[in-house]
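Residues per chain are reported as follows:
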Amino acid sequence: MNAQQIETFFSTLQAANPQPETELQFTNVFELLAAVLLSAQATDVSVNKATRSLFAKAPTPQKMWDLGVAEVEHHIKTIGLFRTKAKNLVETSRLLVTQHGGQVPHSREALEALPGVGRKTANVVLNVAFGEATMAVDTHIFRVGNRTGLAPGRNPREVEEALLARIPAAYLVDAHHWLILHGRYVCQARSPQCAACKVSACCDFEPKTQAR
C-alpha cells in the first residue's frame, strides 16, 4: 500500500466513523485498565458482561483490592483465564493504591510494571485514556496490517512500528480503533467481507476480486 492509498484508506474509514471508540464499557480510567487487562483472549462482549457487576462493586483500585481475589473470580468466571486475571487485577489494584496514590499512571514504564499489563494493554490505556498516538496490535490489527499491505510484519511489534511510521499524523490517535473495528466486522479472519469493504480499492488482498 503506497502513501496515497494509505491516505485514502484512513480518510474513508474516518468519513464512515468520525469518532471511533473502544467497545469495552467503563466509566473511569481504572475501569478501562481493568477491562483491557481482562480482555486478553476474550471478546469485548464477554468482558462487558462480567465487568457490569464487578465495576458496580469495585469501581476504584481500593475497592477492587478490598474485594479480594476470590470475589473477583466470582464476577469474572465466565472469562477465559479468570483465575490468573483475578489475581493480576487485585495485585495491580494494590500497587495502584500503594505506589500511585490510587491513580492509573500516565507512563508506559509504570503501566507495564503492573501485573497482567503488557505492551498492548498499556498502549490501549495511553491511547483511550490519555489521547496518545499509540497502536495496540491485537489479532485484528495484526491481520489487517499484513493482509491489506498497510503494515506487513512478522510479529505484533513489527506491525506496530510499521503502522506508527506509515499512518499520517492526522489519523494516528484514532487509527487503532478504526483498524480493530475493520478487522472485527469487515476484514474478518475466515470470511473477509471484501464485497462490502469501503477500502478494498486500497488493499493488496487478492481473494477480494473473487468476492465481488
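This section reports on the structure supplied with the text. (Residues numbered from 1 in each chain as written. Predicted model: local features only at pLDDT ≥ 70, side-chain atom pairs only at ≥ 80, totals over all residues. Heavy atoms only, no water.)

## Quick look at empty space enclosed by the protein
Leftover empty space is mapped by rolling, across the atoms, a probe with the size of a water molecule. The condition that has to hold: A cavity, in this analysis, means grid points on a 1 Å lattice covering only the protein atoms where a 1.4 Å probe fits yet has no way out; a pocket is instead an open set bounded by protein on both sides within 12 Å along at least five of seven lines, and a residue lines either one if it has an atom within 4 Å of a point. Grid points are joined across faces, edges and corners, and a volume is the space filled by probe spheres set on the points. Following the grouping adopted for this structure description, the nonpolar residues are Ala, Val, Leu, Ile, Met, Phe, Trp, Tyr, Cys and Pro, the charged ones are Asp, Glu, Lys and Arg, and the polar ones are all others, Gly among them.
The full count for this structure, using the stated rule, is one cavity of 30 Å³ or more. The computed volume of the largest cavity comes to approximately 110 Å³. Taken together, the residues that form the lining of the largest cavity break down as nine nonpolar, four polar and two charged.

## Quick look at the environment of Ala86
Definition in use: Starting at the N terminus, helices and strands are each numbered in turn, a helix being any DSSP run of H or I of at least four residues and a strand any DSSP run of E of at least two. Residue exposure (1.4 Å probe, protein chains only): buried if accessible area is under 20% of the type maximum, exposed if over 50%, otherwise partly exposed.
Its place among the elements puts Ala86 in helix α6 (residues 82-100). Among the residues examined, Ala86 registers a relative accessible area of 0% and is labelled buried. Considering only alpha carbons, one finds Ala86 and Arg108, 22 residues apart in sequence, at a separation of 22 Å.

## Section: the packing of aromatic side chains
Here is the rule we go by: Think of it this way: a Phe, Tyr or Trp ring, Trp meaning its six-membered ring, pairs with another when their centres are within 6.5 Å, and the plane angle makes it stacked under 30 degrees, edge-to-face over 60, tilted otherwise. We call a charge positioned over a ring when the NZ of a Lys or the CZ of an Arg lies within 6 Å of the ring centre and within 35 degrees of the ring normal.
According to the stated counting rule, one finds four aromatic pairs in the structure shown. Of the aromatic side chains, those joined through ring pairs into one cluster are Phe9, Phe10, Tyr171 and Trp178. For the cation-ring pair, Arg147 lies above Phe205, with the distance from its terminal atom to the ring centre recorded as 4.7 Å.

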